[in-house]
Amino acid sequence: MSSATNTMTSPVVVVGAGAAGIIAAGFAARAGGGRPVQLLERTKDGGRKILISGGGRCNILPSAVDPAQFVTQSSPNILKQILRSWPLEAQRAFFEQELGIPLKLEEESGKLFPVSDKARDVRDGLLDWARAGGVEITFGVTVIGVRPVKGEGSRVEGTWEVVTDLGVIKASKVIIATGGLSVPQTGSDGIGLKILEVLGHTMHPTYPALAPLTLTPHRYAHLAGISLPVTIRDGEGKKAFRTTGGFLVTHRGWSGPAALNVSHLTLDTPPPPKGGGGRGGGGAADAL
């Protein structure tokens, strides 16, 4: 069988059945071309971060998108292009019209939630949509590695081997959607980052973001439980980082959307991209 035939009959393999992986698999299956699509997931049911997001209600989308609120150690221009490639209006239409999940605005947070307030409706709706498009979903399989298939002296263009604990799958294309390191219990344990590094991709050092802030000593522990809306600003002028939202004093420090949004600024020296560059110095934030 020729390599061209292999490419057309071998599946597109998506690794990781979180929100990104399910949607990627669903669109790949609907893209045409006759290629089957397989979605591989380590857990028994997938979408576990969807289930815990928004306190179990699932904050699906923001009501407005500000590219300045998205932070990357890579190219900010590429990040902006990614955000613009699927406009917010089109995303909302996808959930409400394609998936049949009506959304509502929570005025306080500016976020869109399902009207049912059930994250499970979102997870199950995405999985049903993917299956309806022809995606074959396999739960309980662990991907160990991904490697290019080599012919006589060179790689066979467009073919890969996905190595799992259940065997090897030959794929025409591979999408890694395994998430980062945020909640290992949900499947985000960093395996995807390791796979990509082995393949030769440049990896930037990881560090906590969207995390509660701890204070040592905690001078405001006696205020634990108090919550109020605040605006937090870091820097001055056009390049200042500003976020507005709920702010909660906890027994260990600060939490709430506003605190989480600035947590990446609290490192004294954020890990720079390999090769130099990047932002240094967190500095103090002003609460207004």
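Anything mentioned here points back to the structure above.
For clarity, every value in this text was computed on a predicted model and none was experimentally measured.

**Q** Any chance you could break down unusual backbone geometry for me, citing the residues and the numbers?
**A** Backbone phi values are negative for most residues with the exception of glycine, while trans is the configuration of most peptide bonds. Cis geometry is found at the peptide bond from Thr216 to Pro217, where omega equals -5 degrees. Its identity is not glycine, yet Asp117 carries a phi of approximately 60 degrees, on the positive side. On the secondary structure map, Asp117 appears in the loop between strand E5 (111-114) and helix H6 (119-132). We note that Leu210 has phi near 50 degrees; this positive angle belongs to a residue other than glycine. Inspection of the secondary structure assignment puts Leu210 in the loop between helix H7 (191-198) and strand E11 (213-214). The exposure class assigned to Leu210 is exposed, which follows from its relative accessible area of 59%.

**Q** Account for helix H2 (residues 19-30), naming residues and giving values.
**A** Taking 1.5 Å per residue, twelve residues should reach 16 Å; H2 reaches 17 Å between its end C-alpha atoms and fits that length. Within H2 the residues assigned to the buried category are Gly21, Ile22, Ile23, Ala25 and Gly26. Of the surrounding elements, those touching the buried residues of H2 are strand E1 (12-15), strand E2 (37-41), helix H5 (88-98) and H6. Phi turns positive one or two residues past the end of H2, at Gly32, with a value near 85 degrees.

**Q** Explain the pattern of salt bridges to me, and be specific about the residues and the numbers.
**A** Once their charged atoms are close, side chains differing in charge can pair, the charge on each being opposite to the other. Scanning the model with the defined rule gives ten salt bridges in all. Between Asp189 and Arg42 there is a salt bridge, with its nearest N and O atoms 2.4 Å apart. Taken together, the residues span a long stretch of sequence, with Asp189 in the loop between strand E10 (173-176) and H7 and Arg42 in the loop between E2 and helix H3 (48-52) at a distance of 147 residues. Classification of Asp189 as partly exposed rests on a relative accessible area of 30%. Judged by its relative accessible area of 36%, Arg42 falls in the partly exposed class. Each of Arg57, Lys104, Glu106 and Asp117 takes part in one network of salt bridges that share partners.

**Q** Describe the sheet that holds strand E6 (residues 136-139), and please don't skip the residues or the numbers.
**A** Strand order in the open sheet formed by four strands is E6-E2-E1-E10, and the pairing between neighbours is parallel. The open sheet has two free edges, formed respectively by E6 and E10, since each of these has just one partner strand. On average, each strand axis in the sheet is inclined to that of its neighbour by 20 degrees, with strand direction left out of account. Bridge analysis of E1 against E10 gives four bridges, and the strand direction is parallel. Following the sheet pairing, Val15 is matched in E10 by Ile176. Docked against the sheet, H2 engages E1, E2 and E10, running at close to 170 degrees with respect to E2.

**Q** Describe in detail the sheet that holds strand E4 (residues 103-106), supporting the description with residues and values.
**A** On the basis of which strands lie adjacent, the open sheet formed by three strands has the order E3-E5-E4 and antiparallel pairing. Since the sheet does not close on itself, it has two edges, and those belong to strand E3 (61-62) and E4, each with one partner. Bridge count for E4 against E5 is four bridges, and the pairing is antiparallel. Directly across from Leu103, in E5, lies its bridge partner Pro114.

**Q** Account for a nonpolar patch on the surface, naming residues and giving values.
**A** A cluster of nonpolar residues, Tyr220, Leu223, Ile226 and Leu228, forms a patch on the protein surface that exposes about 310 Å² of accessible area. Assignment of secondary structure puts Ile226 in the loop between E11 and strand E12 (227-234). When its relative accessible area of 41% is taken as the criterion, Ile226 is described as partly exposed.

**Q** Please provide a residue-by-residue account of the nonpolar core, values included.
**A** Formed by 27 residues in total, the largest nonpolar core has its most connected members in Leu39, Phe95 and Leu126. Listing elements by their share of this core, those giving two or more residues are E1, H2, E2, H5 and H6. Residue contributions to this core peak at six residues, all from H6. The residues touching Phe95, leaving out its near neighbours within four places in the chain, are Ile60, Leu61, Gly100, Ile101, Leu103, Val122 and Leu126. Within the second largest apolar cluster, eleven residues are counted, among which are Val146, Val162, Ala171 and Ile195.

**Q** Describe the packing of aromatic side chains, listing the residues and the values that go with them.
**A** Enumeration over the complete set of coordinates arrives at eight aromatic pairs. With a centroid separation of 5.8 Å and an interplanar angle of 90 degrees, the aromatic rings of Phe27 and Trp86 are classed as edge-to-face. Pair noted here: Phe27 is in helix H2 and Trp86 is in the loop between helix H4 (76-85) and H5, with a separation of 59 residues, a long-range link. On the basis of relative accessible area, Phe27 is assigned to the partly exposed category, the value being 40%.

Reading guide: rules and limits
- Residues numbered from 1 in each chain as written.
- Predicted model: local features only at pLDDT ≥ 70, side-chain atom pairs only at ≥ 80, totals over all residues.
- Heavy atoms only, no water.
- Helix = DSSP H or I, 4+ residues; strand = E, 2+ residues; numbered from the N terminus.
- Buried < 20%, exposed > 50% of the residue type's maximum accessible area, 1.4 Å probe, protein only.
- Expected span 1.5 Å × (residues − 1).
- Contact = heavy atoms within 4.5 Å.
- Salt bridge = Lys/Arg side-chain N within 4 Å of Asp/Glu carboxyl O.
- Pairing = 2+ DSSP bridges.
- Axes fitted to C-alpha atoms, helices over the stretch in contact; angles between N-to-C directions.
- Patch = residues over 30% accessible without salt bridge, like charges linked within 9 Å, V, L, I, M, F, W, Y side chains within 5 Å.
- Areas by Shrake-Rupley, 256 points an atom, 1.4 Å probe, with all protein chains shown as cover.
- Core = buried A, V, L, I, M, F, W, Y, C linked by side-chain atoms within 4.5 Å.
- Phe/Tyr/Trp six-rings, centres within 6.5 Å; stacked < 30°, edge-to-face > 60°.

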